[in-house]
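This is what each chain is made of:
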Amino acid sequence: MKFFVDTADFNEIKDLASTGMVDGVTTNPSLAAKQGMDFKELIGEICKVVSGPVSAEVTASDYETMMKEADVLRKIARNVTIKVPLTPDGLKTCRALTSEGTMVNVTLCFTAGQAILAAKAGATFVSPFVGRLDDLGVNGMQLIEDIVSIYQNYDSFKTQVLVASVRSPQHIVDAARIGADVMTAPPKVIRQLYNHPLTASGLKTFAEDWAKTGQSIL
Ligand code: G3P
């Protein structure tokens, strides 16, 4: 499963990219708004440190303007992935862009039916939002299971399932168990994956015992 980081915070991206764990980045207008930086410049900087897909979202709601915005964004770097909303105009934009070889991430997917539309529109990625469904008391991971199993029925569906709105390490584990292609999580959640109290206490004991030997490997 590929790991994307869901943030527009350049320093966080740079730091996580240095671990070798980051396969791509997803941003959205809300995340970009927190940065107080020129959006196009920001995407350009992110693309310099991450070679995998970097999602940059259009902000228009009509096809013509989405295409114009996408054209500006895709010229920033070869790994820019255009993010479009799951609307009729968004999917029309998706079809036009992917047929020209541009990667597209269809976002704000909340049903399996919407995911079928995204696949039929030739999306590179579809982003179902698990956390926001969980917030409503709906099982977000059930949607991932449904989409993954539906896509497996059709060789013509090439769209990768990108699990978004990830809120916990358990979401990541569940996404991997189901066989989702990609997950995108905030830096904090990716860092939480490393943690276990027994790892920390075990390490402390090893360090104390080693100190008693008075030896040094170097
Ligand atoms: O990038 C879209 C998605 O991951 C947003 O997550 O936590 O705002 O629902 P969240």
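Our subject is the structure that appears above.
Criteria and thresholds
- Residues numbered from 1 in each chain as written.
- Predicted model: local features only at pLDDT ≥ 70, side-chain atom pairs only at ≥ 80, totals over all residues.
- Heavy atoms only, no water.
- Helix = DSSP H or I, 4+ residues; strand = E, 2+ residues; numbered from the N terminus.
- Contact = heavy atoms within 4.5 Å.
- Near = heavy atom within 4 Å.
- Polar contact = N/O pair within 3.5 Å; in protein donor to acceptor, adjacent residues only side chain to side chain.
- Areas by Shrake-Rupley, 256 points an atom, 1.4 Å probe, with all protein chains shown as cover.
- 1 Å grid on protein atoms, 1.4 Å probe; cavity = no way out; pocket = protein on both sides within 12 Å on 5 of 7 lines; lining within 4 Å.
- Sits in = over half its atoms within 2 Å of the grid points.
- Nonpolar A, V, L, I, M, F, W, Y, C, P; charged D, E, K, R; others polar.
- Core = buried A, V, L, I, M, F, W, Y, C linked by side-chain atoms within 4.5 Å.
- Buried < 20%, exposed > 50% of the residue type's maximum accessible area, 1.4 Å probe, protein only.
- Salt bridge = Lys/Arg side-chain N within 4 Å of Asp/Glu carboxyl O.
- Axes fitted to C-alpha atoms, helices over the stretch in contact; angles between N-to-C directions.
- Parallel < 35°, antiparallel > 145°, perpendicular 65-115°, else oblique.
- Left-handed = near helix turned anticlockwise from the far one by under 90°.

1. Some thoughts on the environment of Phe 39
Position of Phe 39 among the secondary structure elements: in helix H3 (residues 39-49). Taking C-alpha positions, Phe 39 is 9.1 Å from Pro 29, a pair spaced ten residues apart along the chain. In contact with Phe 39, not counting residues within four places along its chain, are Thr 27, Ala 32, Ala 56, Glu 57 and Leu 73.

2. Examining the site of the ligand
Lining the immediate environment of the ligand, one finds Asp 6, Asn 28, Lys 83, Phe 129, Arg 132, Ala 164, Ser 165 and Arg 167. Lys 83 has a polar side-chain atom sitting 3.4 Å from an oxygen atom of the ligand. Take Arg 132: an N or O atom from its side chain is 2.6 Å from an oxygen atom of the ligand. Across the complex, the protein chains shield 83% of the 310 Å² of accessible surface that the ligand would expose by itself. Placement of the ligand is best described as lying within the largest pocket. Of the residues belonging to the shell around the ligand, the class tally is two nonpolar, two polar and four charged.

3. Here's the deal with the nonpolar core
Val 80, Ile 82, Val 106, Ile 144, Tyr 151 and Val 163 are the most contacted members of the largest nonpolar core, which has 60 residues in total. With residues up to four places along the chain from it excluded, the contact list for Val 80 reads Ile 43, Cys 47, Val 54, Ala 56, Leu 73, Arg 74 and Met 103.

4. Brief notes about the pattern of salt bridges
What the rule picks out here adds up to eleven salt bridges. Asp 71 serves as the salt-bridge partner of Lys 75, at 2.9 Å between the closest nitrogen and oxygen. The salt bridge involving Asp 209 is made with Lys 212; its shortest N-O contact spans 3.1 Å. Placement of both Asp 209 and Lys 212 in helix H11 (residues 197-213) is noted, with a separation of three residues, approximately one turn of the helix.

5. Some thoughts on the packing of helix H4 (residues 63-74) against helix H5 (residues 88-99)
Two elements in contact, H4 and H5, have axes separated by 9 Å at closest approach and are oriented at 45°. Between H4 and H5, the angle falls in the class oblique. Judged by the sense of rotation from one axis to the other, the crossing of H4 with H5 is right-handed. Here Tyr 63, Met 66, Met 67, Ala 70 and Arg 74 of H4 come into contact with H5, specifically with Asp 89, Gly 90, Lys 92, Thr 93, Ala 96 and Leu 97. In the contact of H4 with H5, the residues fall into six nonpolar, two polar and three charged.

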